[in-house]
Amino acid sequence: DRYNVAVVGATGAVGRTMIATLEERKFPVAELRLLASSRSAGSQLPFHGEPVTVQELQDDSFQGMDLALFSAGAATSKQFAPKAVEAGCIAIDNSSAFRMEPGIPLVVPEVNPEAIGDQPGIIANPNCSTIQMVMALKPLHDRYRVRRVIVSTYQSVSGSGQKAIDELVRQSQSALHCEPMVKNVYPHQIAFNCLPHIDSFLDNGYTKEEMKMVNETRKIMGDDSINVTPTTVRVPVMYAHSESVYVETDEEIDVAEVRRVLSAFPGVSVVDAPEKNEYPLAIDAAGRDEVMVGRIRKDLANPKALNLWVVCDNLRKGAALNAVQIAELFLR
Ligand code: A2P
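Cut-offs and rules
Residues numbered from 1 in each chain as written. Predicted model: local features only at pLDDT ≥ 70, side-chain atom pairs only at ≥ 80, totals over all residues. Heavy atoms only, no water. Near = heavy atom within 4 Å. Polar contact = N/O pair within 3.5 Å; in protein donor to acceptor, adjacent residues only side chain to side chain. Areas by Shrake-Rupley, 256 points an atom, 1.4 Å probe, with all protein chains shown as cover. Domains from an automatic or database assignment. Phe/Tyr/Trp six-rings, centres within 6.5 Å; stacked < 30°, edge-to-face > 60°. Helix = DSSP H or I, 4+ residues; strand = E, 2+ residues; numbered from the N terminus. Buried < 20%, exposed > 50% of the residue type's maximum accessible area, 1.4 Å probe, protein only. Lys NZ or Arg CZ within 6 Å of the ring centre and 35° of its normal. Contact = heavy atoms within 4.5 Å. Arc of directions from axis to C-beta. Salt bridge = Lys/Arg side-chain N within 4 Å of Asp/Glu carboxyl O.

## Digging into the site of the ligand
Lining the immediate surroundings of the ligand are 16 residues, of which T11, A13, S37, R39 and S40 lie closest. Interatomic distance of 2.9 Å between a side-chain N/O atom of R39 and an oxygen atom of the ligand. Protein coverage of the free-state accessible area of the ligand, which is 580 Å², stands at 70%. Domain assignment of the residues forming the shell around the ligand places at least three in each of domain 1 (3-125 + 319-329) and domain 2 (130-314).

## Quick word on the packing of aromatic side chains
One pass over the full model with this rule turns up 3 aromatic pairs. Summarising the aromatic geometry, the rings of Y3 and F27 are spaced 6.3 Å apart at their centres and angled 55° between planes, so their arrangement reads as tilted. Within this pair, whereas Y3 is found in strand β1 (residues 3-8), its partner F27 is found in the loop between α1 (13-24) and β2 (29-36), the two being separated by 24 residues in sequence. Of the residues examined, Y3 reaches a relative accessible area of 24% and is grouped as partly exposed. With a centroid separation of 5.1 Å and 70° between ring planes, the pair formed by Y154 and W309 is classed as edge-to-face. Of this pair, Y154 sits in strand β8 (residues 146-154) while W309 sits in strand β13 (residues 305-312), and the two are 155 residues apart along the sequence. Overall, Y154 belongs to the partly exposed group, its relative accessible area being 35%. Given a relative accessible area of 21%, W309 falls into the partly exposed group. Taking the ring centre of Y144 as reference, the NZ or CZ of R143 above it sits at 4.5 Å.

## Considerations on the side chain of R33
Here R33 lies in strand β2. With relative accessibility at 14%, the residue R33 sits in the buried group. In terms of polar contacts, R33 uses its side chain to reach the backbone carbonyl oxygen of S61, at 2.7 Å. Excluding its chain neighbours within four sequence positions, the residues that come into contact with R33 are V5, A6, V7, Q55, S61, F62, Q63 and M65.

## Things to note about helix α6 (residues 255-264)
Considered for burial, the residues of α6 that qualify are V255, E257, V258 and L262. Along the long axis of α6, the arc covered by the buried residues comes to 155°, so they all point the same way. Exposed side of α6, more than 90 degrees from the buried face: R260 and A264 are the residues found there. Looking at the buried side of α6, the elements it contacts are α3 (128-144), β11 (268-270), β12 (291-298) and β13.

## Brief notes about unusual backbone geometry
Despite not being glycine, R145 has its phi angle at roughly 65°, a positive value. The topology assignment puts R145 in the loop between α3 and β8. Residue F192 is not a glycine yet carries a positive backbone phi of 55°.

## Structural notes on the domain arrangement of the protein chain
Per the domain assignment, the segments making up the protein chain are domain 1 (3-125 + 319-329) and domain 2 (130-314). Distance from the C-alpha centre of domain 1 to the C-alpha centre of domain 2: 25 Å. Contact residues are listed per partner, giving 16 residues for domain 1 and 19 residues for domain 2. The interface formed by domain 1 and domain 2 holds 1 salt bridge in total. As a salt-bridge pair, E216 and R99 come within 3.1 Å of each other at their nearest N and O atoms. In this structure, the connection of domain 1 to domain 2 is made through 6 residue pairs in polar contact (both at pLDDT 80 or more). Of all the elements, helix α8 (residues 316-329) adds the most residues to the side of domain 1 that touches domain 2, at 3 residues.

Listed below in structure tokens is the structure:
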């Protein structure tokens, strides 16, 4: 069986990675329909070596499609994902539009595949920083029961899309050449800087990105008792997010056992040999599928707590790969 697949936001950083992921994983595609705004209609992107022409997203874009992967922002998803479902598609949405809606599955296939249910409609793909964190938390939760998480993120600019990748390149050149700094994407210079500000601020003092990590973690893990306290930070890295994660559990931690349960978890790779300067690095995770975990160590005061360093390509497992893996759940 082969499927007609639409990619909405095909020209974006995540959209292009979705196309590459469908190709690499040999997803059984009959027709690939690439959709974006009128700005890029008529341009071409390669799929299995053949050029595919990008079309403008319109109300009737989903006729004849079986699957629609969305990554063109929440407003576009709100407007068009229901139209894709009406046209008979399974819509897998990478935006924040539907994630916390009751009845909409929020899925990381290694963590809660059962959540997709048997009524395919819209399936939400979680936030990138949440996906990589729950990939590390799930095996620990199953063994020790996770109670509380304190997390600080070091998030790459590719999470803000292609225009942010371009901005970091330009600003870095401007800084090195003492030229005027142009700021379009972020409120401050991102080159040679760290911004403790991702998405907009809420009345409680946290950002929307931080509250995604709080709420989505509970929904994916199916446990509202897990308390997450996050600080999300944009750093001048191109690809892959890093996270410092402190985890408090119900039971005393055994580090050797933590290594074993993390290594055994699909999609996680333990990289933890500090004596050889080996630990997860953004530049190593970029372009790879696994979530890398290292710096595994017990808390110094609380025997039921540990610290981890978790790194993952935000465009791959954090977005495109997770979305394609959700689609693969329907192939079975
Ligand atoms: P386009 O390239 O035509 O602007 P990124 O996250 O890298 O910025 O990419 C965003 C993606 O979403 C791009 O493919 C962009 O298309 C697409 N997009 C943005 N707004 C719309 C819209 N209103 N309708 C369709 N596609 C959109």
